[in-house]
Each structure stands twice: as C-alpha cells, then as structure tokens.
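Fold and geometry: a report
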Amino acid sequence: MKDSSQHQKRRMLVVFAHPDDESFICGGTLAKYAGEGVDITLVSATRGEMGRRMGNPPYLNRETIAAAREEELRQACDCLGIRNLIFLDIRDKTVEFVDEEALTARIEALVRDISPDVILTFHEKLGGHPDHCAIGKAATAACERAGRKPSLFYISFGSAMEHPEPYGYTRDDIVRIDVSAHLKAKLAAFRAHRCQSEIEEWVWLPDREAISRFGLHEYFIRAVRTLPQRSGHDLFA
Ligand SMILES: [Zn+2]
C-alpha cells in the first residue's frame, strides 16, 4: 500500500537564496501543500550569514550566525511540514558571483533527480535582492534544460500580483493561493527565524493579532504563459 501511495506522491522543489525566504514570502503555501501530503524539498543557496539582523538584542556574531540560521531554518521547516532541506553552501551575498554554469548544473541535477511536479524560485528581475535574482536565473535555466519549465513558478511579494499589469503580466499568468487556513503555521515559521523576526514587534503579539497582519493569499507567476485550462488557484492543477 505504501508503494502505490509513494508512486502518486506529489513533489515540490523550492529553490531559494536564504533561510527565511520560504517562511516570510510563501510560508502559507508551503504549509498548505505539505499538509496535503506533498513532498517538499527546500534548497537554500546560503545560510544567510551576512544578514544585518543578529537578534534583538543582538546575541549572534559573524562566527555564530550561520549555524544559528541553519538551525532556525530546520525549525521553520518543521513548522511548515518541509521534510527535505538542502544547502548549496554558497556564501551569503555572493550568489551573483558564483560560476553561473556550475550553479545551473547543480540545480538541473536536483530537478532531474527529484522530478518535481512544481518548482518555485525567484523571478530573475523581480527578486528584490541580488542573491534572489541570481538563484532565480540559475533555477530557471536549470528547468529549461531539464525540460521542466511548465512546472516552474516565480514567487512574488505580498499582494503585488493582485494587480500584475504594471509588472507586464495579466491575471492569467498568476496563481493565487488561499492560505487563510495555514497562517498559524506561517506565524510559527516566522517565530522560528527568531534572529530575523524578533525585532518585528507584531510577530510576537498574541497569535490572533499577529496572524491578522498576514495576507490571506500568496501569489505566484507562471514561468510559461498562456497554457490553456490551468487553474488560477492551485499550483498542481
Ligand atoms: Zn532572501
């Protein structure tokens, strides 16, 4: 019985730059699909060791922060239901300077190995941080080479893609995920990234109040446009 369910198991590969990208940007969506039994593999290019936030009051330094952030990410993965975590061991804030071909090849190997139904990464222009844009560019090239670009979606920030036209997209390019039932897990993941989130007072308000600060939806951009008959509210449809 286990074998047959293994065969049908849906898989998602998430390729991001830093610990906390997964929780802060799309934690609700990851919790939702993990809760539905999707097997999620999170790739973090770096350990975020160049982050400016060192706890509040600061309790980390440049020597200790990498291990602390790795541990926080493991806890956040537990909160969200992510079972597989891979670090690419790239130094924080240097993703744009590593050999692009080698980085693309590493991600391509993961795509071929995991054979995910859905892949998430950053948009190479709308990523908002050089590390984000660089990992997104490499992941996109990797998906192209592996013939998996129709499975690829770009994450977006907040509710910006509620109105995608200024970014050159239309509603048909956007998948809007209802995360309203998964905000408790998202909040727990925020809190797991303690050295980054404890300076944000709202994160530590009583749960209901903190959760009310989250949007009820997270938005994703299709890497391949205008495929007919695809759902606007499910990444796996
Ligand atoms: Zn980041």
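Residues numbered from 1 in each chain as written. Predicted model: local features only at pLDDT ≥ 70, side-chain atom pairs only at ≥ 80, totals over all residues.

From N to C terminus, the protein chain includes eight helices and seven strands. Of the contacts formed within the protein chain by residues at least 6 apart in sequence, a portion of 79% connects residues at least 24 apart. (Helix = DSSP H or I, 4+ residues; strand = E, 2+ residues; numbered from the N terminus. Contact = placed C-beta atoms within 7 Å.)

Ranked by internal contacts, the top residues of the largest apolar core, which has 62 residues, are Val14, Val15, Ile40, Leu80, Ile135, Phe153 and Phe220. The contacts of isoleucine 135, once residues within four sequence positions are left out, are Val15, Phe16, Ala17, Ala45, Val95, Thr121 and Phe122. (Core = buried A, V, L, I, M, F, W, Y, C linked by C-beta atoms within 7 Å. Buried ≥ 20, exposed ≤ 12 C-beta atoms within 10 Å, placed from the backbone.)

The end-to-end C-alpha distance of helix α3 (residues 65-80), which contains 16 residues, comes to 22 Å, matching closely the 22 Å that a straight helix rising 1.5 Å per residue would cover. Looking one or two places after α3, you find glycine 81, whose phi comes out positive at around 90 degrees. (Expected span 1.5 Å × (residues − 1).)

With that out of the way, let us pick up unusual backbone geometry. Of the consecutive residues asparagine 56 and proline 57, the connecting peptide bond is found in the cis state with omega at -5 degrees. Summarising the element assignment, proline 57 is placed in the loop between β2 (39-44) and α3. Of note, lysine 93 is a non-glycine position whose phi angle comes to about 65 degrees, a positive value. Considering the arrangement of structural elements, one finds lysine 93 in the loop between β3 (84-87) and α4 (100-114).

It is worth spelling out the environment of phenylalanine 122 at this point. The topology assignment puts phenylalanine 122 in the loop between β4 (118-121) and α5 (130-145). For the pair formed by phenylalanine 122 and serine 156, sequence separation is 34 residues and the distance between their alpha carbons is 7.6 Å. When neighbours within four sequence positions are excluded, phenylalanine 122 is seen to be in contact with Gly127, His132, Cys133, Ile135, Gly136, Tyr154 and Ile155.

On a regular strand, each side chain points to the face opposite its neighbour's, so the side chains alternate between the two faces of the sheet. In terms of burial, strand β1 (residues 11-16) is largely enclosed, as five of its six residues are buried. Following the chain from β1 across helix α2 (residues 21-35) to the adjacent parallel β2, one finds a crossover that is right-handed. (Right-handed = clockwise from strand over helix to strand, strands pointing away.)

Here we come to the packing of α3 against helix α6 (residues 183-192). Where α3 contacts α6, the two axes come as close as 8 Å, and the packing angle between them is 170 degrees. Here α6 runs roughly antiparallel to α3, going by the angle between their axes. Residues Glu72, Gln75, Ala76, Cys79 and Leu80 of α3 form the contact with α6, whose own contacting residues are Ala185, Ala188, Ala189 and Ala192. For the contact of α3 with α6, a count of residues per class yields seven nonpolar, one polar and one charged. (Axes fitted to C-alpha atoms, helices over the stretch in contact; angles between N-to-C directions. Parallel < 35°, antiparallel > 145°, perpendicular 65-115°, else oblique. Nonpolar A, V, L, I, M, F, W, Y, C, P; charged D, E, K, R; others polar.)

Our focus in this paragraph is the sheet that holds strand β7 (residues 217-222). Within a sheet, adjacent strands bond to each other through the backbone by hydrogen bonds, running parallel or antiparallel. Pairing is mixed in the open sheet, where seven strands are placed in the order β3-β2-β1-β4-β5-β7-β6. Two strands close off the open sheet at either side, each with one partner strand: β3 and β6 (174-178). For this sheet, the mean angle separating the axes of adjacent strands, direction not counted, is 25 degrees. Here β6 runs beside β7; their pairing, made up of five bridges, is antiparallel. The residue bridging aspartate 178 from the neighbouring strand is histidine 217, located in β7. Across the sheet, α5 is in contact with β1, β4 and β5 (152-155); its angle to β4 comes to roughly 155 degrees. (Pairing = 2+ DSSP bridges.)

Another point: α2. When the terminal C-alpha atoms of α2 are compared, their 19 Å separation across 15 residues agrees well with the 21 Å that a helix rising 1.5 Å per residue should span. At glycine 27, α2 is bent by approximately 90 degrees, the largest bend along its length. Counting buried positions along α2 gives 13 out of 15 residues, so the element sits mostly inside the fold. (Bend = angle between axes of the 7 residues up to and from the residue.)

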